[in-house]
Amino acid sequence: MTSDDTPTTWGSASNLVPVGTPIDLDNCAREPIHIPGSIQPRGVLAVVREPDFRIRQISANVPELLGLTVDSVLGRHLSALVGAAEAARIEKAASIVGDLHRRNPIECRIDVRGQPREFDAILHREPGGVLLVELEVAYGARPYSFPNTYQAVRSWVEELNRADTLRGLYDTAANAVQDLTGFDRVMVYRYDEEYNGEVVAEAKRDDLNSFLGLHYPASDIPAQARALYEKNWLRLISDVGYAPAPLIPAIDPDAGAPLDLTHATLRSVSPIHIEYLQNMGVRASMSISLLRHGRLWGLIACHHYAGPHLPPFGNRAAAEFLGSTLSLRLVDQFDEDQLHKRLDAQAVLTKLTAATLDVGRPLVTALLAAPDLLDLVAADGVVVNIEGHLRMHGVVPNFAVVSAVAEWARTAGDDVARTDSLARSLPDIEFDPALAAGALVLNLPDGQYAAWFRREALRSVDWGGDPHNKAIAISEGEEVRLSPRKSFERWRETVRERAQPWTPTEIESADALRRHLVESLYHRTRGALRVAELVQRSLIPASIPDLGDWRLAAHYEPASGDRVGGDWYDAFRLRDGRVIVAVGDVAGHGVTVAGTMAQLRNALRAHLFAGAAPNEAVRQLNEFSVHMLPGAFATVLVARVDLDSGRVEATSAGHLMPYLTNAGSLAEPAPIQLSPPIGLSRVSYSQSTFTIDHGHGLVLYTDGLVERRGEVIDEGFDRLAGQLSRAGDHGAYSIWAAMAAGFTDDDVTVVTLQRP
């Protein structure tokens, strides 16, 4: 199977080839499949403008189907196309609020060359007052109308509800759709995480060869196709040999762009896809999307070989309804299966976590006892490197490979890193697939880890044609245009150097274990945290300079629960008499944060004391952080104050703005331009200048002063501004006591500078 769509991003119009460009394998990846500029000629498409219902575009086949000239309808009222009575019915249907899809089709009788003829009018509304009116010839009886669609498929829905396995659901759906639509072959495709497809069910004519079990590569239904299938759930090609009917004019005269036909029933399809179907001997096809949480999960694909095939609209609506029902049942069945797996994993996880609560027992021992990590995540072996202990259990690769995998996992950017192909993820490392072909790794603090390994799982995949060769036609001569695979015989591939993929349940279980291990390691390292707290307190200035008439005060309050934070402050005189006041906050808590805080505080102090202006000192601090402390993230605010004039030079690297206080008016944020935080590459820092007048002050603080769980931070800012605007003591301790006493989720730092 292949899609009529090709991989490109719809929003990136510059990547698309112009409408009308001949399509081959070199440019099909940029084919604008949603704006083909033409339709399938089994019906007529009229693009009308609401609310006047004048026709602004019409398909070129209007003379053949309706006996009218293009000029006689283009620019005129819809009645010129369908007659006054039917136009009035269409206008009435379009005027009713709600989803037009639920009202389709509108059964019409239109006079064609003096003879009344039955048509189905299918309506779809686009943004900007655009209404698509598709007039499809109604051949033969209409067995179903949309309101009684459920009655038409009720027995099949009951069978779907009775099915208790995915296989049963697939088979029931394939048989039901074939019964409803009459296609020679109906297949159910299921896609894996990489969108490789597999035929998991099939209903067909007895004389046809079976496609059951064949696989098709992800390139057969790439990203652009998936986007379209997720928006328009049914697509029909009633005659593969059709000649497209272009829209006239080709460009929407109001929008000045090609018309988006994503939701059009008659939308023309890619010539690449048409050639693909012709190579298979298919004369008509239809597909129904199967979705899981709005994402393409699979397809019901229908093929007809005896000739063109046009199931009535009602039959297609019934089949689409059945596809929607199947989607819901698939989700229910899949979620039920996953629930049982999660419950089993949860039982093992509970026992493992209980074993780790004994702080007198090494974590490695607890994790490799009974049950062990291999009971939580099925694998051939596991390696645990925690608290300085390294243990291996089961079949694992040599230590050099283990170390390389652990390093790869640390740089992968995920708490839980995984791959089912180590050869692909680490191409420079030599692996023995009999020992390890896939890995799942828990990244723990300070380079610790737990890693599961799976051996190679040799398996054969039956492909519908060689999935690695989409240009076989090149060898057939220049007269054969490039096209998708021209051979659809069963092609068997032996998959090597791949392990069984890690399932969502296994990844979730591993992630849950990781969270518990991080917490357990934290509790086991309280002694180290005590040391970190001592480090943090040692960095708090033992005293702050006496500034004569100016009043400088500072207060630091740690968070509760042994949570060593990243707050710090500094205040010192420069040799020229000016004063430096700084406040910083390193993201996170713990030993590493305390060490990072110490390095940043001392580096900044050195730059400022050497004479660097605040913005230059912060720039140098950021360069130091990026190169010497990768991954660190911090905010800092530096102010250099001239005590004689009150002039302040200040730079804020992502830090909360200080407040200027004046007992006679509302406190206001200081006029400092905000610059990026510390830890980002290739950024610049600005410096702002303002004056602290007599009787005014400056209040610097960290986020613990204003943040509260369950409220937006703006409420904290308003509360602080109100507090600073009241008469009274605006010293650092008083501000903390009024604002943050009793709130101990985070550490708090307040520094105040007041001019007499």
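The rules we used
Residues numbered from 1 in each chain as written. Predicted model: local features only at pLDDT ≥ 70, side-chain atom pairs only at ≥ 80, totals over all residues. Heavy atoms only, no water. Helix = DSSP H or I, 4+ residues; strand = E, 2+ residues; numbered from the N terminus. Buried < 20%, exposed > 50% of the residue type's maximum accessible area, 1.4 Å probe, protein only. Areas by Shrake-Rupley, 256 points an atom, 1.4 Å probe, with all protein chains shown as cover. Pairing = 2+ DSSP bridges. Axes fitted to C-alpha atoms, helices over the stretch in contact; angles between N-to-C directions. Contact = heavy atoms within 4.5 Å. Polar contact = N/O pair within 3.5 Å; in protein donor to acceptor, adjacent residues only side chain to side chain. Arc of directions from axis to C-beta. Salt bridge = Lys/Arg side-chain N within 4 Å of Asp/Glu carboxyl O. Phe/Tyr/Trp six-rings, centres within 6.5 Å; stacked < 30°, edge-to-face > 60°. Lys NZ or Arg CZ within 6 Å of the ring centre and 35° of its normal. Core = buried A, V, L, I, M, F, W, Y, C linked by side-chain atoms within 4.5 Å. Expected span 1.5 Å × (residues − 1). Parallel < 35°, antiparallel > 145°, perpendicular 65-115°, else oblique. Left-handed = near helix turned anticlockwise from the far one by under 90°. pLDDT = per-residue confidence, 0-100. Patch = residues over 30% accessible without salt bridge, like charges linked within 9 Å, V, L, I, M, F, W, Y side chains within 5 Å.

Caption draft 1: Quick look at the overall build of the chain. Looking only at helices and strands, one finds 19 helices and 31 strands in the chain. The buried share among the 756 residues of the chain stands at 51%. Of the roughly 33,000 Å² of accessible surface on the chain, a fraction of 51% belongs to carbon and sulfur atoms.

Caption draft 2: Structural view of the sheet that holds strand β15 (residues 389–394). Here we have 5 strands laid out as an open sheet, ordered β15-β14-β18-β17-β16, and antiparallel in their pairing. Both edges of this open sheet fall to β15 and β16 (416–419), since each of them pairs with a single strand only. Strand-to-strand, the axes of this sheet are offset by a mean angle of 10°, without reference to chain direction. Inspection of the sheet shows strand β14 (residues 381–386) paired to strand β18 (residues 449–454) by 5 bridges, in the antiparallel sense. Bridge pairing in β18 places V383 opposite A451. Its contacts with the sheet put helix α12 (residues 399–411) on β14, β15, β16, β17 (438–443) and β18, and the angle it makes with β18 is roughly 115°. The strands touched by helix α14 (residues 504–524) within the sheet are β14, β16, β17 and β18, with β17 carrying the most contacts at an inclination of about 30°.

Caption draft 3: View of the side chain of Q40. Of note, Q40 is situated in the loop between β1 (38–39) and β2 (43–49). For Q40, a relative accessible area of 1% translates into the label buried. In this structure the side chain of Q40 is engaged in a polar contact, spanning 2.9 Å, whose partner is the side chain of R42. Among the polar contacts listed, one links the side chain of Q40 to the backbone oxygen of L236, at a separation of 2.9 Å. Apart from residues lying up to four places away in sequence, Q40 is in contact with L236, I237, S238, Y242, T265, L266, R267, S268 and V269.

Caption draft 4: Representation of the sheet that holds strand β3 (residues 54–59) within the structure. Read across the sheet, 7 strands follow the order β1-β11-β3-β2-β6-β5-β4 without closing on themselves; strand pairing throughout is antiparallel. The open sheet has two edge strands, β1 and β4 (106–112), and neither has a second partner. Where helix α4 (residues 84–95) meets the sheet, it contacts β4, β5 (115–126) and β6 (130–137), and its direction lies at approximately 155° from that of β4.

Caption draft 5: Fine view of helix α19 (residues 732–739). Those residues of α19 that sit buried are A732, I735, W736 and M739. The buried residues of α19 occupy an angular sector of 95° when the element is viewed end-on, so they sit on one face.

Caption draft 6: Here's a closer look at the pattern of salt bridges. This structure, assessed with the given rule, holds 29 salt bridges. Between E136 and R42 there is a salt bridge, with the nearest N and O atoms lying 3.1 Å from each other. Taken together, the residues E136 in strand β6 and R42 in the loop between β1 and β2 connect sequence positions 94 residues apart. You'll find E136 and R42 in the same group, each marked buried. For D207, the salt bridge identified is with R205, shortest N-O distance 2.8 Å. Judged by its relative accessible area of 28%, R205 falls in the partly exposed class. Salt bridges sharing partners connect three or more residues here, namely R49, D52, R56, D252 and D254.

Caption draft 7: Representation of the packing of aromatic side chains in the model. If you walk through the whole model with that rule in mind, you get 3 aromatic pairs. Where Y170 meets W297, the ring centres are 6.3 Å apart and the plane angle is 35°; that geometry is what we call tilted. Linking Y170 in helix α6 (residues 166–181) with W297 in strand β13 (residues 295–304), this pair joins segments that are 127 residues apart in sequence. One residue, R185, lies across the ring of F211, its end atom 3.9 Å from the ring centre.

Caption draft 8: Molecular detail of the pairing of strand β10 (residues 234–237). With burial as the criterion, each face of β10 is covered, one bearing L234 and L236 and the other bearing R235 and I237. Strand direction decides the pairing type here: β10 and strand β12 (residues 284–292), joined by 4 bridges, are antiparallel. By the bridge assignment, L236 is partnered in β12 with M286.

Caption draft 9: Up close: the nonpolar core. Within the largest apolar cluster, 33 residues are counted, with the highest numbers of intra-cluster contacts made by Y170, V188, M286, I300, L322, L326 and L330. Those elements that provide at least two residues to this core are α5 (149–162), α6, β7 (185–191), β8 (197–204), β10, β12, β13 and α9 (313–355). L66, I110, A121 and L131 belong to the second largest nonpolar core, which has 30 residues in total.

Caption draft 10: Highlighting the pairing of strand β11 (residues 245–248). Where β1 and β11 come together, 2 bridges link them in antiparallel fashion. Each residue of the ladder has a partner; that of I39, found in β11, is A245. As defined by bridge partners, β3 adjoins β11 across 2 bridges and the pair is classed as antiparallel. Counted as the bridge partner of I58 is I248 from β11.

Caption draft 11: Representation of unusual backbone geometry in the model. In this structure, the amide linkage connecting E50 to the following residue, P51, adopts the cis form with an omega of 10°. Its place among the elements puts P51 in the loop between β2 and β3. The backbone of F53 sits at a positive phi, close to 55°, despite the residue not being glycine. Although it is not a glycine, R682 sits at a positive phi angle of roughly 55°. Assignment of secondary structure puts R682 in the loop between β28 (674–675) and β29 (688–691). We classify R682 as exposed; its relative accessible area is 83%.

Caption draft 12: α6, seen in detail. The end-to-end C-alpha distance of α6, which contains 16 residues, comes to 23 Å, matching closely the 22 Å that a straight helix rising 1.5 Å per residue would cover. Among all positions in α6, only L166, L169, Y170, T172, A173, A174, A176, V177, L180 and T181 are buried.

Caption draft 13: A look at the packing of helix α18 (residues 713–725) against α19. At a closest axis distance of 11 Å, the pairing of α18 and α19 adopts a crossing angle of 130°. As judged from the angle between their axes, α18 and α19 are oblique. For the crossing formed where α18 meets α19, the hand is right-handed. Across the interface between the two elements, G716, R719, L720, Q723 and L724 of α18 pack against I735, A738 and M739 of α19.

Caption draft 14: Region of interest: the confidence of the model for the chain. With 83% of its residues at a pLDDT of at least 70, the chain reaches an overall mean of 82. Residue range residues 1–14 is modelled with pLDDT below 50. Its contacts to residues more than four positions away, or to other chains, number 55 contacts. Note on residues 471–487: pLDDT is under 50 here. Beyond four places in sequence and across chains, it has 42 contacts.

Caption draft 15: Representation of a nonpolar patch on the surface within the structure. A grouping of L390, M392 and F399 is seen on the molecular surface, where their side chains present a nonpolar patch of about 270 Å² in accessible area. Note on placement: M392 falls in strand β15. For M392, a relative accessible area of 38% puts it in the partly exposed group.

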